Amino acid sequence: MSQPTQTDPATTESAAAAARETRAPRRPRGGTARRAGSRVLHVLLLPVVLIGVYAYASATSSSYYTPTPDLIASAFGELWFSERLFSDVLPSLARLLTGFTLAALIGVSLGVLLGMSTRVRATLEPLLEFLRAIPPPVLVPLMILLAGIDDSMKIMVIVSGCVWPILLNTVEGVRAVDPVLADTARCYGIGGTTRLRVLILRSASPQIMAGLRLALALAIILMVISEMFASSSGLGFAIVQFQRSFAIPEMWAGMVLLGLIGFALSALFELAESRVLYWYRGLRAAHRGE
Amino acid sequence: MTATPATESRAPDPPAPARSPRRPARDGLGRPLLGALGILAFLGLWEAVPRLGVVSDRYLPPATEVLVALGARATTPGFWAAVGDTLAGWALGLAIAFTAAVVLGFTLGALPRIRAYTTSTVDFLRPIPSVALIPLAVLLYGTDIRSTLLLVVYACFWLIYIQVLYGVADVDPVAEQTARSYGLGRLARVRHVVWPTTLPYLMTGLRLAAAVALILSITAQLVIGSPGIGREIAVAQSSGAVESVYALIVATGALGVVINTGVRVLERRVLRWHTSVRGEATA
């Protein structure tokens, strides 16, 4: 039995992208000031209402755990624009990016190898299914045993968790290379690295990107957990420290920062994806007759 | 056989026919055999590496010892209580997220004007890693199961909700208009047109969410210390019981495989009328 699981994130993502893109042209762009105004309203109304409701609720409630937004904001400014930026935020981000990059390199290269050979794939498939099913955070205690609690442990945790979605999506993507295209490339004598670059990696890229997107979300989770567990620096460490010392506005400020990082990384990824896959979007739009 | 919504939406694209119907390997009998061989080879390697002293067995106990430790644990009631706690957090969290996401997804999917106001908020909240909520969960609920639920529900809700929205948006306008011209009411249209279109998307969301729910339910136990396998692992690690750490990790993997397989079977059942599943049976 093959694994439909891995394709789905990819295909839903692309279906999602397609849905987004079909909607885009219909949306009024710029145009009259009224339209621009209604767009701003669409974007801002609900967040403003939510923050307002929270501000009201926190100001009127006596709960110690829900500080008012302005307290959180001032804690945010004090904390993250000071030396903590260099002692906690940047090291965390460095581990995250190192781990993610390594996982991407390993995942894509192994995935291409596995995807091209039916026999190797048949041999390793059940094993990979099992390894993938292990929830990545449980590897944190194991990595502490194996590698101590320094940076290399955290990077290993991130790599060992993130590599699966990338690997399995790459395998699926490589498997699905259009046989006609592959034959054509063979007829024209395109081989070696050119074949890899022009045919295989390119055909598989929508799936690879979907795998990378899943892996990025996982990487943030693993970064935070590995730091919460055993660390002397990093965002996860800082937040747990605030929580244990009941520095509540600071704790909230840390959670807000994590949220902002997650949001920023996913926005950056979307940007990168739309650049890498611009040909794919164009292709799909063309087929839809737009 | 692949993602059901995908097969549909890709069908008109020329590259699609090559991608979507994935034929099972020709050597039908060889595949399971090769797979078993792969697992045996892995276990053999795992046994050999510490035995030959390549890696100290203080860090990597041989496979047999780990499996024996797992067997010994499986006879204790404490182990099954932990499995039960983990599964309770998983199932309850998934059920809450599923219900909320389906109700909200269908409601807002049917009201595009109101939905337009929520897009920015959803796009902002969705990428927030749910582990960011751990400190809040600890403060609010301590090591109670509600801490686990908070994380699981937050993470799973978005996955399913987004799928439902895409599903509702995917309704074929011709089908919709046909239903309208036959005089089907709003509810009947939801039942006969919108629901079947959304179901494949919903199942994909559910499958992704089932895996994520297990990850977060175990994470919460590991980090917060709410009861379950995750806490057992943390305890085994801090007491230096290396075999137990490995044994429990193998157990979580097995749990993951069971859940993945179960959801896949469910999906096939629920969607057996769908072309993607039917096509697979005949292929």
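Everything that follows concerns the structure shown earlier in this document.
**Q** Which residues make up the overall build of chain A, and what are the values?
**A** Along its length, chain A carries twelve helices and zero strands. Counting over 290 residues, chain A shows a buried share of 49%. Taking contacts inside chain A between residues at least 6 apart in sequence as the whole, the part at least 24 apart equals 78%.

**Q** I'd like a rundown of the nonpolar core, residues and numbers included.
**A** Residues Trp80(A), Leu212(A), Leu235(A), Met251(A), Leu94(B) and Tyr161(B) are the most contacted members of the largest nonpolar core, which totals 146 residues. The dominant element in this core, judged by the number of residues it contributes, is helix 9 (residues 192-229) of chain A, at 17 residues.

**Q** Outline a nonpolar patch on the surface, listing residues and values.
**A** All names here are of chain A. A cluster of nonpolar side chains, contributed by Leu102, Leu105, Ile106, Leu110 and Leu113, occupies part of the molecular surface with about 460 Å² of accessible area. Here Leu105 shows up in helix 4 (residues 84-116). Residue classification places Leu105 among the exposed residues on the basis of a relative accessible area of 56%.

**Q** With reference to specific residues and values, describe unusual backbone geometry.
**A** A positive phi angle, close to 55°, is found at Phe246(A), a residue other than glycine. With respect to the helices, strands and loops of the structure, Phe246(A) is situated in the loop between helix 10 (235-244) and helix 11 (248-276).

**Q** Talk me through the environment of Leu93(A); I want residue IDs and the actual numbers.
**A** In this structure, Leu93(A) sits in helix 4. Taking the C-alpha atoms as reference points, Leu93(A) and Leu71(A), 22 residues apart in sequence, are found 26 Å from one another.

**Q** Residue-level account of the environment of Pro165(A), with values.
**A** Residues and elements named next belong to chain A. Relative to the elements of secondary structure, Pro165 occurs in helix 7 (residues 151-175). Accessibility expressed as a relative area gives 16% for Pro165, which makes it buried. The sequence separation of Pro165 and Arg34 amounts to 131 residues, and the corresponding C-alpha distance is 44 Å. What Pro165 contacts, discounting residues up to four positions off in sequence, is Gly211, Leu214, Ala215 and Leu218.

**Q** Describe the packing of aromatic side chains, with residues and values.
**A** All names here are of chain B. Evaluation of the coordinates by the stated rule reveals ten aromatic pairs over all chains. Summarising the aromatic geometry, the rings of Phe106 and Trp195 are spaced 5.7 Å apart at their centres and angled 35° between planes, so their arrangement reads as tilted. Here Trp195 lies in helix 10 (residues 186-223) and Phe106 lies in helix 5 (residues 77-110), a separation of 89 residues in the sequence. Pairing Phe157 with Tyr161 gives two aromatic rings, centres 5.3 Å apart and planes at 15°, and the pair type is stacked. On the criterion of helical spacing, the pair formed by Phe157 and Tyr161 is a turn pair, its members being four residues apart in helix 8 (residues 145-169). Tyr161 carries the same exposure label as Phe157, and that label is buried. Through pairs of rings, three or more aromatic residues link up here, namely Tyr154, Phe157, Trp158 and Tyr161.

**Q** Talk me through the pattern of salt bridges; I want residue IDs and the actual numbers.
**A** Enumeration according to the criterion identifies 14 salt bridges over all chains in this entry. Between Arg264(B) and Glu129(A) there is a salt bridge; the shortest N-O distance is 3.7 Å. Placement of the pair is Arg264(B) in helix 12 (residues 242-270) and Glu129(A) in helix 5 (residues 118-133), with the two residues belonging to separate chains. A relative accessible area of 7% means that Arg264(B) is categorised as buried. One salt bridge connects Glu273(A) with Arg213(A), and the closest N-O pair in it is separated by 2.6 Å. Taken together, the residues span a long stretch of sequence, with Glu273(A) in helix 11 and Arg213(A) in helix 9 at a distance of 60 residues. Of the two residues, Glu273(A) and Arg213(A), neither departs from the other in class, the shared state being buried. Salt bridges sharing partners connect three or more residues here, namely Glu129(A), Arg132(A) and Arg264(B).

Cut-off values and rules
- Residues numbered from 1 in each chain as written.
- Chains lettered and ligands numbered in written order.
- Predicted model: local features only at pLDDT ≥ 70, side-chain atom pairs only at ≥ 80, totals over all residues.
- Heavy atoms only, no water.
- Helix = DSSP H or I, 4+ residues; strand = E, 2+ residues; numbered from the N terminus.
- Buried < 20%, exposed > 50% of the residue type's maximum accessible area, 1.4 Å probe, protein only.
- Contact = heavy atoms within 4.5 Å.
- Core = buried A, V, L, I, M, F, W, Y, C linked by side-chain atoms within 4.5 Å.
- Patch = residues over 30% accessible without salt bridge, like charges linked within 9 Å, V, L, I, M, F, W, Y side chains within 5 Å.
- Areas by Shrake-Rupley, 256 points an atom, 1.4 Å probe, with all protein chains shown as cover.
- Salt bridge = Lys/Arg side-chain N within 4 Å of Asp/Glu carboxyl O.
- Phe/Tyr/Trp six-rings, centres within 6.5 Å; stacked < 30°, edge-to-face > 60°.

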